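# Descriptive analysis of the structure
Residues per chain, in single letters:
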Amino acid sequence: MISSVKNKREDSSQSDLDPENWNDFREQAHRLLDACIDRLENAKDTPWQPVDEPARQALSPPLPKTPKDTSEIVDALVNDVMPYATGNTHPRFFGWVHGGGMASCLLAEMTASVMNSNCGGRNHGAIYVERCVLDWCKEIFNFPSDASGLLTVGTSQATVLALVAARSRVLGLDVRQKGIGNAPPLTVYCAQGTHSCVQKALQVIGHGSDILREVETHGISGGMNISVLRGHIEQDLAKGCVPLCIVATAGSVNTGAFDDLNAIADLCAEHNIWLHVDGAFGAWATLADAPWSGLTAGIERADSLAFDFHKWMSVQYDCGAILIRDSKLHYDSFSMRPSYLAKQKSGLGGGDLWFCDFGTDLSRGFRALKVWTALQEHGLDAFSKVITENCQHAAYMAELIGASEELTLATPAVSNVCTFYAAPEDMGKDEINAFNEGIVHQLQRDGHVVFSTTKIDGLTVIRAAIVNHRTRFEDIDFAINATIELINSEK
Ligand SMILES: *Cc1c(COP(=O)(O)O)cnc(C)c1O
């Protein structure tokens, strides 16, 4: 009996890290929760703002040696930290590809924080929540129910995992022990302008980004030219190269272009090549109305599919995912159970699926709960509506730009991305590039709208990637009007 164990040590001090007074803590926590909800409710009034010098100082206190009151901490969170957010909760945030976040995720994150679950494995509720979310993903993307998956930091990490699984198929599993020293020359194919996470993944897993063949794009949807792709593959095969995979893009970061997934899947089937789809944001176009839903046709044929919840699905950062058709290969590529992690017959150490066997991370947070909560609170149809509307927003923006004298459309708005620029007549190319960059910066500083920039054919263009559930058509009007006004005042 436990009571028979004699306590030999005096417990004189309270040295744990829990609050000394739970009632005080409760009061402060309620105050913070109210401030959080206020901020979300008024998201349209809180655009990005620069982190000025006093704010930077407040964010960098000296190394703390002594405690502060919870009330002081809550003050700092509310006044010093919260106001200096990225700004992607604002309805006119169109920069990069940043999701807007949802109030429902606040509920999930509070709960997950309290549970403090480690989702690397073992037998507890969070594992079943993540399994449920992954099952939903398989259903949404028409993947077989025995496919495997994992929630990740984002698509970048998902891409590393997918390429490792593809490598297991091509080089065999003993690459895990032997390394890639004796590997034949490998090649990877992707569209020009494919996201840099593919290059990074190849660098990280040791093949180097030089094995990437960037295929020119064409047509209105901006996908890889399939006959050029075929030509590259056949030439490389004749030279003795071994294709590691084709990376198809569903929703390119620069322009929102889509590869023809069915045509690429046919080519992969013909040559027995692994098809990886980068669907970071664009995979979710599958939920949209026609014609946009058609852009993802064939996505269910991928061997691996990487996508994010934190972009177009509005789930709070961070949450991405990987689905892999061949679950055994996925498991065999990562599983490793030393004695201290051995599966137990019962108890907490049991459970028939440990997520640490499907990726590089052993300790993992409870990302799944945000997705699980938000999808149930809103229902999938609500996301379909947001995604459809965002595509309509981009088309509308392109229309306004087409009708304006000051702005020129750079690429067609295929999905939810619109790129454009101003080219005042008296300016040379370098001047135009600097001018457009300056416009974007000034609009951000004014709190009017956040666009970002990219390069298209050497030209700096203004880019809007609309994945924002708070955006309304009047925000598009406002954003384009503000841009035109600024151009006319700067010319
Ligand atoms: C954002 C993005 C990525 C990278 O995803 P992260 O979640 O930021 O790691 C990859 N591909 C595309 C097309 C993207 O838009």
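Above this text sits the structure in question.
This text gives an overview of the structure that appears in the document. No experiment lies behind these values; they were computed from the predicted model shown.

Thresholds applied
Residues numbered from 1 in each chain as written. Predicted model: local features only at pLDDT ≥ 70, side-chain atom pairs only at ≥ 80, totals over all residues. Heavy atoms only, no water. Near = heavy atom within 4 Å. Polar contact = N/O pair within 3.5 Å; in protein donor to acceptor, adjacent residues only side chain to side chain. Areas by Shrake-Rupley, 256 points an atom, 1.4 Å probe, with all protein chains shown as cover. Nonpolar A, V, L, I, M, F, W, Y, C, P; charged D, E, K, R; others polar. Pairing = 2+ DSSP bridges. Helix = DSSP H or I, 4+ residues; strand = E, 2+ residues; numbered from the N terminus. Axes fitted to C-alpha atoms, helices over the stretch in contact; angles between N-to-C directions. Contact = heavy atoms within 4.5 Å. Buried < 20%, exposed > 50% of the residue type's maximum accessible area, 1.4 Å probe, protein only.

Another aspect to go through is the site of the ligand. Every one of the 13 residues lining the ligand counts as a neighbour, but Ser156, Asp278, Asp308, His310 and Lys311 are closest to it. Backbone polar atom of Thr155 to an oxygen atom of the ligand: 3.0 Å apart, as the coordinates give it. Here Asp278 contributes a side-chain N or O atom positioned 2.6 Å from a nitrogen atom of the ligand. Here the ligand has 380 Å² of accessible area as a free molecule, and 86% of this is covered by the chains. Residues of the shell around the ligand, tallied by class, amount to four nonpolar, six polar and three charged.

Spatially, four strands are ordered S10-S11-S13-S12 in an open sheet, and the strand pairing comes out antiparallel. Since the sheet does not close on itself, it has two edges, and those belong to strand S10 (408-411) and strand S12 (452-456), each with one partner. Within this sheet the neighbouring strands show an average axis-to-axis angle of 45 degrees, counted without direction. Direction of pairing for S10 relative to strand S11 (residues 417-421): antiparallel, over a ladder of three bridges. By the bridge assignment, Leu409 is partnered in S11 with Phe420. Along the sheet, helix H13 (residues 380-403) contacts S10, S11 and strand S13 (459-465); its crossing angle with S11, the most-contacted strand, is approximately 20 degrees.

As a further point, take unusual backbone geometry. The omega torsion across Ala290 and Pro291 is 0 degrees, close enough to zero to call that bond cis. At the junction of Tyr317 and Asp318, the peptide bond is cis and its omega measures out at -10 degrees in the coordinates. By the element assignment, Asp318 lies in the loop between strand S8 (304-308) and strand S9 (320-324). Residues other than glycine seldom take positive phi values, yet Arg122 does so here, at roughly 75 degrees. Despite not being glycine, Asp457 shows a phi value in the positive range, around 50 degrees. Structurally, the position occupied by Asp457 is in the loop between S12 and S13. Residue classification places Asp457 among the exposed positions, given a relative accessible area of 75%.

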